Amino acid sequence: MAKSFAEVKDDLAPDGALRDFYILDVVPSDWDRFLAAVPSIVERVVFTRDDKDVTIPSSFARIWAMKEETPESTTLMTMWVSGQTVCCHFFCDSEIELDFLPNAVDTEQRWNHLRAFFQYVVDTIGKKGIITHENMQDFVIEEIVPTKIAEPRHTSDAENPRL
């Protein structure tokens, strides 16, 4: 069962560190499902390469090839979820890691929207996700398990508004 804001509030107290969301043991097809699903459910998504906006590559293989070609370059995908930014840096090919600022999650409503986004990602991939303190996979704030396989949402679908 999903934790309430009251249950996670202390773990989200601003302390200068980010909070992370992970899905571990992923394969390229998991990444591809993530990349295909996310733009349809967030308010906005921007993909940058060395701080320049570029078109989101069509596959994880293309992103990973870019990173290997120029490892000194930065790759970032920023997503806006109910006014909060969630970032993916593509650090590792075997885990989806997203980060967010805990001080932006300061109400029950913001927590519910962010958690719903993570639930959608987990359902899309079909693998468990965890919300943790920054770089601390063993310090789990909440575990999110798949409840179903999500269908991509469409912006024109009034029953499935963007998160």
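Below is a short write-up of the structure. Predicted, not measured: the structure shown is a model, and the values here were computed from it.

So, how was this worked out
Residues numbered from 1 in each chain as written. Predicted model: local features only at pLDDT ≥ 70, side-chain atom pairs only at ≥ 80, totals over all residues. Heavy atoms only, no water. Phe/Tyr/Trp six-rings, centres within 6.5 Å; stacked < 30°, edge-to-face > 60°. Helix = DSSP H or I, 4+ residues; strand = E, 2+ residues; numbered from the N terminus. Buried < 20%, exposed > 50% of the residue type's maximum accessible area, 1.4 Å probe, protein only. Lys NZ or Arg CZ within 6 Å of the ring centre and 35° of its normal.

What follows concerns the packing of aromatic side chains. The tally for this structure, following the rule as stated, stands at eight aromatic pairs. Ring centres 4.5 Å apart and planes at 5° place the aromatic pair Trp31 and Phe60 in the stacked group. With a gap of 29 residues between them, Trp31 in helix 2 (residues 28–37) and Phe60 in helix 3 (residues 60–69) connect regions that are remote in the sequence. There is no split in this pair, since Trp31 and Phe60 are both buried. Look at Phe47 and Phe90: their rings are 5.9 Å apart centre to centre, the planes differ by 55°, and that puts the pair in the tilted class. Taken together, the residues span a long stretch of sequence, with Phe47 in strand 2 (residues 44–49) and Phe90 in the loop between strand 5 (84–88) and strand 6 (95–100) at a distance of 43 residues. A relative accessible area of 1% means that Phe47 is categorised as buried. Residue classification places Phe90 among the buried positions, given a relative accessible area of 1%. An aromatic cluster is built from Trp31, Phe34, Phe47, Phe60, Trp64 and Phe90, whose rings are joined through pairwise contacts. When the ring centre of Trp80 is taken as reference, the NZ or CZ atom of Arg44 above it lies at 4.5 Å.

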